[in-house]
Amino acid sequence: MAKRSALPSGDQPLSASRTLIERAYEQLRDDIVDGHLPPDEKLRVEHLKARYGVSAGTLREAITRLVSDALVITEGQRGFRVAPIAVADLQDLTNLRVHIEIDALRQSMRQGGADWRQRVQAAYLDMSQLEQPLRPGHAKSWEALNIAFHEALLAGHDSPWTLRLLRTLARQSERYRRYAISLPESRRDVHAEHREIYDSAMNGNELRAALALEAHIRTTAELVARALHGNGHAPSTVRSTGPNGAGAVAPGSNGFAADR
């Protein structure tokens, strides 16, 4: 494994220590989402501290945050392991997102005014520049713009808890999204999906907007499930069975988000 750029070590002021933890957390999270640290891989602190250029204590703090994010699991006295990925888990996340997000979109369309429409339009135009077509090199930039678009769609509905829950679900789904776009012959046009949602919302067609958003959200789960069940041409990084018998998948390192 290539060693990360070295970070300062030794006694650090509290603010510097928190910065080191935050940086290690972001690097670890990116490596898990991108598949560089694959599902079920044991996280050996003594090995990883050299890779990320931080102390064992700093690394444990960062890993503990990832446990809270459900991206890492603890194994009692045996340490930490990257959380497994399973189709059943993705389907559960998807169903919950659909239930919450569709209602939030409907409420947003009913309550949103001119400011909401301007925000949605601006977010859509910014995102569109990077998804015609989607390219792996634009992964992180597009992901941020994609999230901004979906949040703008819901911004007319004044419910901070709704947005907070959806952000959590979106982050939990990120590994699946990054894998789905890398599937060969998926023939998915993400921009067309976004355009249909956008046009329907701007035209005030609540039913069409809700249906388009639901189809957009569910497509990732369907692509992953087909690949795992042998109906698609899944790459060799896919494993059909996880440690508990559930369908599992290791994301390819070159994939990126297929939907929010």
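Residues numbered from 1 in each chain as written. Predicted model: local features only at pLDDT ≥ 70, side-chain atom pairs only at ≥ 80, totals over all residues. Heavy atoms only, no water.

Student: Break down helix H10 (residues 206–228) for me, citing the residues and quoting the values.
Tutor: If you check H10, its first and last C-alpha atoms are 34 Å apart, about what 23 residues at 1.5 Å a residue would give, namely 33 Å. Maximal helix bending in H10 amounts to about 30°, located at Arg218. (Helix = DSSP H or I, 4+ residues; strand = E, 2+ residues; numbered from the N terminus. Expected span 1.5 Å × (residues − 1). Bend = angle between axes of the 7 residues up to and from the residue.)

Student: Provide a residue-level description of the sheet that holds strand E1 (residues 42–43), including the pertinent values.
Tutor: If you trace the three strands from one edge of the open sheet to the other, you get E1-E3-E2, paired in antiparallel fashion. The open sheet has two edge strands with one neighbour each: E1 and strand E2 (72–74). Docked against the sheet, helix H3 (residues 56–68) engages E1, E2 and strand E3 (80–82), running at close to 100° with respect to E2. (Pairing = 2+ DSSP bridges. Contact = heavy atoms within 4.5 Å. Axes fitted to C-alpha atoms, helices over the stretch in contact; angles between N-to-C directions.)

Student: Hey, could you go over the pattern of salt bridges for me, with residue numbers and the actual values?
Tutor: One pass over the full model with this rule turns up 14 salt bridges. Across the pair Arg106 and Glu206 runs a salt bridge whose closest N-O atoms are separated by 2.8 Å. Here Arg106, found in helix H4 (residues 87–111), pairs with Glu206, found in helix H10; they are 100 residues apart in sequence, far enough to count as distant. For Arg106, a relative accessible area of 25% gives the class partly exposed. In this structure, Arg218 and Glu214 form a salt bridge, with 2.9 Å as the shortest nitrogen-oxygen distance. (Salt bridge = Lys/Arg side-chain N within 4 Å of Asp/Glu carboxyl O. Buried < 20%, exposed > 50% of the residue type's maximum accessible area, 1.4 Å probe, protein only.)

Student: Give a detailed account of the packing of H4 against helix H7 (residues 160–172), specifying residues and quantitative values.
Tutor: Between H4 and H7, the shortest axis-to-axis distance is 10 Å and the interhelical angle comes to 145°. Seen along the crossing, H4 lies across H7 with a hand that is left-handed. Two secondary-structure elements touch here, H4 through Leu93, Leu96, Arg97, Ile100, Glu101 and Ala104 and H7 through Thr162, Leu166, Leu169 and Gln172. Each residue belonging to the contact of H4 with H7 can be placed in one class, and the counts come to six nonpolar, two polar and two charged. (Left-handed = near helix turned anticlockwise from the far one by under 90°. Nonpolar A, V, L, I, M, F, W, Y, C, P; charged D, E, K, R; others polar.)

Student: Mind laying out the environment of Leu28, listing which residues take part and the relevant values?
Tutor: Topologically, Leu28 is positioned in helix H1 (residues 14–34). Once the C-alpha coordinates of Leu28 and Leu59 are considered, the two residues, 31 residues apart in sequence, prove to be 9.1 Å apart. Those residues in contact with Leu28 that sit more than four places away from it in its chain are Leu37, Tyr52, Leu59, Ala62, Ile63 and Leu66.

Student: Break down the nonpolar core for me, with residues and values.
Tutor: With 44 residues, the main nonpolar core has Leu105, Val120, Phe149, Leu153 and Val224 as its most contacted residues. When residues of this core are traced back to their parent elements, those giving at least two are H4, helix H5 (114–128), helix H6 (139–154), H7, helix H8 (174–180), helix H9 (190–202) and H10. Counting residues per element, this core draws most heavily on H10, at eleven residues. Beyond its immediate sequence surroundings of up to four residues, Val120 is in contact with Phe149, Ala152, Leu153, Tyr198 and Met202. If you look at the next biggest cluster of nonpolar residues, it comprises 19 residues, including Ala56, Leu59, Ala62 and Leu66. (Core = buried A, V, L, I, M, F, W, Y, C linked by side-chain atoms within 4.5 Å.)

In short, geometric facts, not functional conclusions.
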